[in-house]
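Commentary on secondary and tertiary structure
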Amino acid sequence: LTVNLRRLFSSSSPSSNTGHQLPTTTTCRLAQFPNDTPTLQRIHKTYSEDRFVGCIVRSERYWNEYLAKEIGDSLFVVTTIRRPPSYQTTTTQDDEDSTVTTTTPDDNDKNDDYTTTPVIVAWMAIRTRAGLYQLREFGVDTELATRNQLSTAFLVSELLTVALEHNQMLSTDQLRCASSEGGGGDYEDSIKLHLPHPIIDELQTNDCKGDDNWIDWKAGIVSKDDTGWMYKFFSSDDDDDDDDVPSNVRDMTHLMEHYKKDHLIWPSDSF
């Protein structure tokens, strides 16, 4: 999809060496290994491993020994503080016919951790490839993002801004355009961002409306999906009644149909 640089940067404040300050008590910083590993591993399981066919299942050792070296200098995380729980009030009558009011957390907020310690809500790494900017790594704690009303479009825009600045991926003209409030000049004012279609689908949900003005939807989307044609599943079992794994020879398309899931392998897992 096409990213409008002026709109992207106008929605963000300048980054600093101590962290990129965002709205709603949110901060962007580089990932810290191995301290961040347990949280990244937990979120990755629910956001990617449980959702996509073919997704690499990552161990703690994989995060610390491979990914930390492969993308550790370009992996940014957004941290936030959990909002206080919402409460429900129940009014009842006791044995003496007196009114008793009880205030307890809503069911969704019970047994939750309400510390003020910042926790990771999303992360991203990008790279340039064949003239495009590619989403190399991404993840969101959807439960926390929903509670704090942080849309995918908002999280992507903030992480993308910091990643472009930190990795010095923009040309001088692009930087001039991004920093120009009034516009003007013949500067290149957009970039092409290559990302998986499930993430594009998330950016098009109603929750993202108002946070997606940095995306030029009118420019259209060029689809170049990879359905895993290079992967094959082999089984010597001819019984097609196996509910776990299809039998015979299957390609990724068959697996996607069987499990009713999209196919996705993050570029950071490409060896």
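Read on for a plain summary of the structure. The structure presented is a predicted model; accordingly, all values stated were derived computationally and were not measured.

**Re unusual backbone geometry**
- Cis rather than trans, the peptide bond between Phe-33 and Pro-34 has omega equal to 5°.
- Mapped onto the fold, Pro-34 is located in the loop between strand E3 (26–30) and helix H2 (37–49).
- Even without being a glycine, Gln-149 presents a positive backbone phi close to 55°.
- Here Gln-149 is to be found in the loop between helix H4 (142–147) and helix H5 (152–166).

**Some words on the nonpolar core**
- Counting residues in hydrophobic clusters, the biggest one holds 43 residues, and the most contacted among them are Phe-138, Leu-155, Leu-160 and Leu-164.
- Ranked by the residues each element gives to this core, the list is headed by H5, at 9 residues.
- Each residue touching Leu-160, except ones within four places of it in the same chain, is listed here: Val-3, Leu-8, Met-124, Ile-126, Leu-193 and Trp-214.
- Of all hydrophobic cores here, the second largest spans 13 residues; its members include Tyr-62, Trp-63, Tyr-66 and Ala-125.

**Side note on H2**
- With 13 residues, H2 extends just 16 Å between its outermost C-alpha atoms, more than 12% less than the 18 Å of an ideal straight helix rising 1.5 Å per residue.
- Within H2, burial applies to Thr-37, Leu-40, Ile-43, His-44, Tyr-47, Ser-48 and Glu-49.

**What to know about the pattern of salt bridges**
- Under the definition given, this model contains 9 salt bridges.
- Between Asp-141 and Arg-42 there is a salt bridge whose closest N-O contact spans 3.7 Å. Of this pair, Asp-141 sits in the loop between strand E9 (132–140) and H4 while Arg-42 sits in helix H2, placing them 99 residues apart in sequence.
- On the accessibility criterion, Asp-141 (8% relative accessible area) is buried.

Conventions and cut-offs
Residues numbered from 1 in each chain as written. Predicted model: local features only at pLDDT ≥ 70, side-chain atom pairs only at ≥ 80, totals over all residues. Heavy atoms only, no water. Helix = DSSP H or I, 4+ residues; strand = E, 2+ residues; numbered from the N terminus. Core = buried A, V, L, I, M, F, W, Y, C linked by side-chain atoms within 4.5 Å. Buried < 20%, exposed > 50% of the residue type's maximum accessible area, 1.4 Å probe, protein only. Contact = heavy atoms within 4.5 Å. Expected span 1.5 Å × (residues − 1). Salt bridge = Lys/Arg side-chain N within 4 Å of Asp/Glu carboxyl O.

In short, geometric facts, not functional conclusions.
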